[in-house]
2 protein chains.
Amino acid sequence: MENKRNIGIAIHGGAGTILRSKMTPERETNYRNALKEALEVGYACLQQGQTAIDAVEAAVILLEDCPLFNAGKGSVFNAEGKQEMDASIMEGKELEAGAVAAIQGIKNPIKLARKIMEESAHILLIGEGASQFAQSHQLDFEAPKYFYNAYRYEQWQRLYGKEKAQLDHSEEETKPEEDEKYGTVGAVALDQFGNLAAATSTGGMTNKKFGRVGDSPIIGVGTYANNATCAISCTGSGEYFMRAVTAYDVSCLMEYKGLSLQAAAEEAIMNRLSQIGGSGGLIGMDAQGNIVMPFNCAGMYRGFQREKEQVVEIFKSHRSH
Amino acid sequence: MENKRNIGIAIHGGAGTILRSKMTPERETNYRNALKEALEVGYACLQQGQTAIDAVEAAVILLEDCPLFNAGKGSVFNAEGKQEMDASIMEGKELEAGAVAAIQGIKNPIKLARKIMEESAHILLIGEGASQFAQSHQLDFEAPKYFYNAYRYEQWQRLYGKEKAQLDHSEEETKPEEDEKYGTVGAVALDQFGNLAAATSTGGMTNKKFGRVGDSPIIGVGTYANNATCAISCTGSGEYFMRAVTAYDVSCLMEYKGLSLQAAAEEAIMNRLSQIGGSGGLIGMDAQGNIVMPFNCAGMYRGFQREKEQVVEIFKSHRSH
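Below is a summary of the structure that appears in this document. (Residues numbered from 1 in each chain as written. Chains lettered and ligands numbered in written order. Predicted model: local features only at pLDDT ≥ 70, side-chain atom pairs only at ≥ 80, totals over all residues. Heavy atoms only, no water.)

Turning our eyes to something else, we now look at the overall build of chain A. In terms of helices and strands, chain A carries nine helices and 13 strands. Residues classed as buried in chain A amount to 63% of the 321 residues present. Counting contacts in chain A only where the partners sit at least 6 residues apart, residues at least 24 apart contribute 67% of the total. (Helix = DSSP H or I, 4+ residues; strand = E, 2+ residues; numbered from the N terminus. Buried < 20%, exposed > 50% of the residue type's maximum accessible area, 1.4 Å probe, protein only. Contact = heavy atoms within 4.5 Å.)

Shown next, in the form of structure tokens:
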């Protein structure tokens, strides 16, 4: 049995072009407080003897409910003006997993992913069928205005601090690459029983078309957990993570090549993902309680909590954990 | 550059409880002829100097067009009496990939997967959005009667209203575990330029509900290709393959642990997949032209073709390739 002192949780709220020069002090405080709150809720689960799955679910629910992040309430609009959300969860003891893609109107996609893991024979459910499953399990749905308000808040947040006003609907001036938002939230945790778990949730890409599904709901890509190696949650340019099978790549580098979590995670992000042009990062935790949070872009909303140690960061730093 | 003599293709038409005692000679001949035809069409592409992607697409199109296999025309009925098809394709040089899930009415899902790979910025498109993309690229759709097939319809009618989904060809009176036959088709190939490619296509599970998506459209699970290691197409109990990330597992065992294709594929199927209760098999090919076709169930429709060598098999054998 693992030593209780090793329990811990790490979270992320997305990675990308997050520049200090574009961040106001107020905005930064809002993000830091939201990350802090999610960490504390997740860590409290672990302290109270709950499992790693309970902890990552609880932390991700907080992040889904916060309009600052592109998941749950804060999900962006697709090309049809609707939110299509994806989420996945995995536990490292039995390698059980659940995931949902392209679901609309549900309050907490991560709760649905867990229900799928625990109460269905399947792993990935999508669209209207996933909604039916959620309804049959009494999960909460919200009216469009719940998500609509979040969208307005995000619009305002994007403009906040800029020296110009932007008329509604004037976003078409910006190039798609500039307007794409790869927001994702995620959590990984180690409980007192030595179990690892990982969870990831996203509202997808702004203005996405054609029923695009990214890496977040894919077990082995956006999310992976295995007590023998690590728990991983990824965020970034999803298609590149899919081609690199990033989350499972970290696990294989540890299991088959004998790398440490830190060496494996850095190899997966800084070399393998970067070589094919991918951008983003991941959070990872191993069964000894080590935590890594590598990314190859400007910033990643991230943090972790272990006994007497809480860290919340946004921009680049060279701190080692 | 690879030696031209190493070009080759392997295909599968699903794995499961395929017992000699339940196979009539006529039915066996039909299956063998269909596999033979798909091999020859795919191999002809390679001989004519086309790429591995061309070869796997051509072979899978033949299998999709054949009503014997659970893909394309032969797809099973879901709980609503419709076919929802999944497919994926990947090439090993640039690690480009495309996939589609839960699409209805399209004649050849594998053609759509390739279009997504080559003409979109995305990898996985689903449902109605995927249909719109297919229509905008002039891919062929077919009316419901094209997919209608008396055998498949009866299969669905027997299960209709029952609270279970059934993998292809399971008999009503047997427990699912005892007589599962997982309908999927797939191909892997090596071309004269040393490029590997893999493709997989399926009509899913009979009477499936809730928008279930299995392993076939997931890059790294049902399909993977990397010139540095191998090309893999899987077939079997999809959820177990998803938890084991089977296709990429073979690649990692080769790249990170130094195993041969044969050792890696056997480890992935006979140990890793089997240990968590998964059932099925895969076809694999490496850049030297080695071919493997391991499975841990009663049978797998399979075959391969290399220079002056064509093999088609259904039941267990211990032949080494």
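The next thing to look at is the relation of the copies chain B and chain A. Two copies of a chain can be linked by a rotation about an axis combined with a shift along that same axis. Laying chain B over chain A is done by rotating through 180° and shifting 0.0 Å along the axis; what remains is an RMSD of 0.1 Å. In the structure described here, the two chain copies are related by an operation that fits a two-fold rotation axis. Here 100% of the interface residues in chain B have copies in chain A that are interface residues too; the copies meet face to matching face. (Least-squares fit on C-alpha atoms with pLDDT ≥ 70 in both.)

On inspection of all chains with the given rule, the structure shows 12 aromatic pairs over all chains. Here the aromatic rings of Phe133(A) and Phe210(B) are separated by 5.2 Å at their centres, their planes lie at 80°, and the arrangement is edge-to-face. Residue Phe133(A) is found in helix α4 (residues 127–136), and its partner Phe210(B) is found in the loop between β7 (196–202) and β8 (212–213); the two belong to separate chains. Take Phe133(A): its relative accessible area is 2%, and that puts it in the buried class. (Phe/Tyr/Trp six-rings, centres within 6.5 Å; stacked < 30°, edge-to-face > 60°.)

To continue, consider the layout of surface pockets. Here the second largest pocket defines a volume of roughly 940 Å³. Lining the second largest pocket are 37 residues, and of these Gly127(A), Glu128(A), Ile126(B), Gly127(B) and Glu128(B) sit closest to its centre. Among the elements of the structure, β3 (97–103) and α4 of chain A together with β3 (97–103) and α4 (127–136) of chain B are those that each provide at least two residues to the lining of the second largest pocket. Examining the composition of the lining of the second largest pocket, we find that six residues originate from one element, α4(B), more than from any other. The residue inventory of the lining of the second largest pocket, partitioned by class, reads 11 nonpolar, 15 polar and 11 charged. (1 Å grid on protein atoms, 1.4 Å probe; cavity = no way out; pocket = protein on both sides within 12 Å on 5 of 7 lines; lining within 4 Å. Points joined across faces, edges and corners; volume = space filled by probe spheres on them. Nonpolar A, V, L, I, M, F, W, Y, C, P; charged D, E, K, R; others polar.)

Further remarks concern the interface of chain B and chain A. A common measure of how large an interface is: the accessible area buried when the components associate. Between chain B and chain A, the residue contacts involve 39 residues of the former and 39 residues of the latter. At the boundary of chain B with chain A, total buried surface from both sides reaches about 3,500 Å², with 64% on carbon and sulfur atoms. Of all residues in chain B, Phe210(B), Arg243(B) and Tyr256(B) give up the largest surface area on contact with chain A, accounting jointly for 24% of the area buried on that side. One can count four salt bridges joining chain B with chain A. Taking the shortest distance from any N to any O, the salt bridge between Arg243(B) and Glu96(A) comes out at 4.0 Å. On the surface where chain B and chain A come into contact, there are 20 residue pairs in polar contact (both at pLDDT 80 or more). At the level of secondary structure, the elements contributing two or more residues to the side of chain B that touches chain A comprise β4 (124–126), α4, β8, α7 (238–244) and α8 (246–255) of chain B. Residue composition of the side of chain B that touches chain A, grouped by class: 24 nonpolar, five polar and 10 charged. Direction of pairing for strand β4 (residues 124–126) of chain A relative to β8(B): antiparallel, over a ladder of two bridges. (Buried area = accessible area lost by both parts, 1.4 Å probe. Salt bridge = Lys/Arg side-chain N within 4 Å of Asp/Glu carboxyl O. Polar contact = N/O pair within 3.5 Å; in protein donor to acceptor, adjacent residues only side chain to side chain. Pairing = 2+ DSSP bridges.)

What follows concerns α4(A). Residue and element names in this part refer to chain A. Every buried residue of α4 is accounted for by Gly127, Gly129, Ala130, Ser131, Phe133 and Ala134. Residues of α4 that are buried make contact with β3, α3 (109–119) and β4. Note on α4: the residue one or two positions beyond its end, Gln138, has a positive phi of about 55°.

Another point: the packing of helix α2 (residues 52–65) of chain A against α3(A). All names here are of chain A. For the pair α2 and α3, interaxial distance at closest approach is 8 Å and the crossing angle is 150°. Compared by their axis directions, α2 and α3 come out roughly antiparallel. Here Ile53, Asp54, Glu57, Val60, Ile61 and Glu64 of α2 come into contact with α3, specifically with Pro109, Ile110, Lys111, Arg114 and Met117. Classifying every residue of the contact of α2 with α3 by side-chain character gives six nonpolar, no polar and five charged. (Axes fitted to C-alpha atoms, helices over the stretch in contact; angles between N-to-C directions. Parallel < 35°, antiparallel > 145°, perpendicular 65-115°, else oblique.)

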